[in-house]
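# Fold and contact review
So the chains spell out like this:
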Amino acid sequence: MIPLRREPLPEDLSARLTARAERLSDRGGAARELWRDSRTIRRDLSVHLVAMAAGLSRCMYCGDSEGTSIDHFQPIALAPQRAFDWLNHLWACAFCNSNQKRDLYPMDRQGRALLIDPTAEEPADHLDLVLATGAYRPRSAKGRETIRIFGLDRPVLERGRAQAYVRCRSMLRDLAHLAAAGERAEAAAVGHALTVQPFADVLYEMLRLRAAPRAALVFGPEAVAGLTALTANVLMGPGSNERGPINGR
């Protein structure tokens, strides 16, 4: 899971959301039905959520599967008044949304959410990613519940992250060689490919740790050089986000 930047919606779409939200008071408990009837709004929201998501429309929770639907972070069953709240919408795959999270929304004794919202906070404050094994370890109660509710400890996800780590190190070494040889176009293509692959949390963690004293020992000096090249503007090729290598970060 990586932090994601939520941009303001266009005024027209924001106004349409507000108008729908105002109808909720007239329709009482029919928030879910009204949401289902709002096909055009759901379609337009999806466009903005896909643009926010890491890689190629990856699920904002597991980072592996393609996102397919809008998830209400605070479920409609618990907060029907937030059904049309832009700040409550995330992009999720069918498995994370329907099989894992469903209407689960753990809270502490003060009523605060015990799930990480990647658009509002830094997941690394609550989760440690062990790159070599692909396993997440909780750093807080919120991290522990996030792992449980979204099934971030599923073996298939852990294996996928571990393999993504191998792949990232290899591609970063290649990127470092290309950058050193002045092969700007090919280096930019490799850099872009790195940023759109699944499991963006692996690359994000490597970028986060690249300045650590032991980074060269753990990742290898060529991989660290590749991480440095990845963040350089000179390698920003077509389709790259100019604000950073992963969703503006």
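Calculation criteria
- Starting afresh in each chain, residues are numbered from 1 along the sequence in its written order.
- Two thresholds apply to this predicted model, a pLDDT of at least 70 for residue-level local features and 80 or more for giving and counting side-chain atom pairs, whereas whole-chain, interface and lining totals are computed over all residues.
- The basis for every side-chain value is the complete set of non-hydrogen atoms in the structure, without hydrogens or water.
- Only DSSP runs of H or I covering at least 4 residues are called helices, and only runs of E covering at least 2 are called strands; the numbering of each starts at the N terminus.
- Radius of gyration: C-alpha atoms only; globule rule: 2.2 Å multiplied by the number of residues to the exponent 0.38.
- The cut-offs for exposure are 20% and 50% of the maximum accessible area for each residue type, with area from a 1.4 Å probe on protein chains only; residues under the lower value are buried, those over the upper are exposed, and the others partly exposed.
- In these notes, a set of buried Ala, Val, Leu, Ile, Met, Phe, Trp, Tyr and Cys residues joined through side-chain atoms within 4.5 Å is what counts as a nonpolar core.
- Contact between two residues is taken to exist if any of their heavy atoms lie within 4.5 Å; hydrogens are not considered.
- Cysteine sulfurs are considered disulfide-paired once they come within 2.5 Å of each other.
- Axes here mean lines fitted to C-alpha atoms, for a helix over just the part in contact, with angles spanning 0 to 180 degrees between N-to-C directions.
- An angle counts as roughly parallel when it lies under 35 degrees, as roughly antiparallel when it exceeds 145, as roughly perpendicular when it falls between 65 and 115, and as oblique in every other case.
- Each crossing gets its handedness from the near helix: less than a right angle anticlockwise from the far helix is left-handed, clockwise is right-handed.
- Nonpolar residues are Ala, Val, Leu, Ile, Met, Phe, Trp, Tyr, Cys and Pro. Charged residues are Asp, Glu, Lys and Arg, and all others, Gly as well, are polar.
- Throughout this description, a polar contact denotes any pair of N or O atoms lying within 3.5 Å of each other; where both atoms belong to protein, one of them has to be capable of donating a hydrogen while the other can accept it, and for residues adjacent in sequence the pair is counted only when both atoms sit in side chains.

## Examining the overall build of the protein chain
The number of helices and strands found in the protein chain is 10 helices and four strands. Its C-alpha atoms give the protein chain a radius of gyration of 19 Å, near enough to 18 Å, the size a compact globule of 249 residues would have. Across its three principal axes, the protein chain shows a C-alpha extent of roughly 65 × 40 × 25 Å. For the protein chain, the residues scored as buried account for 50% of the 249 residues in total.

## With respect to the nonpolar core
One broad trend across soluble globular proteins is that nonpolar side chains are buried collectively. Among the nonpolar cores identified, the biggest contains 68 residues, and L45, Y61, V202, M206 and F219 are the most heavily contacted of them. Those residues in contact with L45 that lie beyond four places of it in its chain are L9, L13, L17, W35, I70, W86 and H89.

## Things to note about the state of the cysteines
Tallied over the entire structure, the rule returns zero disulfides. The thiol sulfur of C168 is not disulfide-bonded, and the nearest other cysteine sulfur, from C62, lies at 16 Å. C168 gets classed as buried once you look at its relative accessible area, which sits at 1%.

## Quick word on the packing of helix α6 (residues 155–180) against helix α10 (residues 221–230)
With their axes 7 Å apart at the nearest point, α6 and α10 run at an angle of 70° to one another. Taken together, the axis directions place α6 and α10 in an arrangement best described as roughly perpendicular. By crossing handedness, the relation of α6 to α10 is classed as left-handed. Together, R169, L172, R173, L175, A176, H177 and A179 of α6 and E222, A223, A225, G226, L227, A229 and L230 of α10 make up the contact between the two elements. Partitioning the contact of α6 with α10 into residue classes produces nine nonpolar, two polar and three charged.

## Notes on unusual backbone geometry
Of all residues except glycine, most have a negative phi; of all peptide bonds, most are trans. A positive phi angle is found at R102, which is not glycine, with a value near 50°. Relative to the assigned elements, R102 resides in the loop between α4 (94–101) and β3 (127–130). Despite not being glycine, F199 has its phi angle at roughly 60°, a positive value. In this fold, F199 is placed in the loop between α7 (184–196) and α8 (200–209).

## Thoughts on the side chain of R161
Looking at the element boundaries, R161 is found in helix α6. From its side chain, R161 meets the backbone oxygen of G134 in a polar contact 2.6 Å long. With near-sequence residues (within four places) excluded, R161 lies in contact with L129, L131, G134, A135, Y136, L152, F199, D201 and V202.

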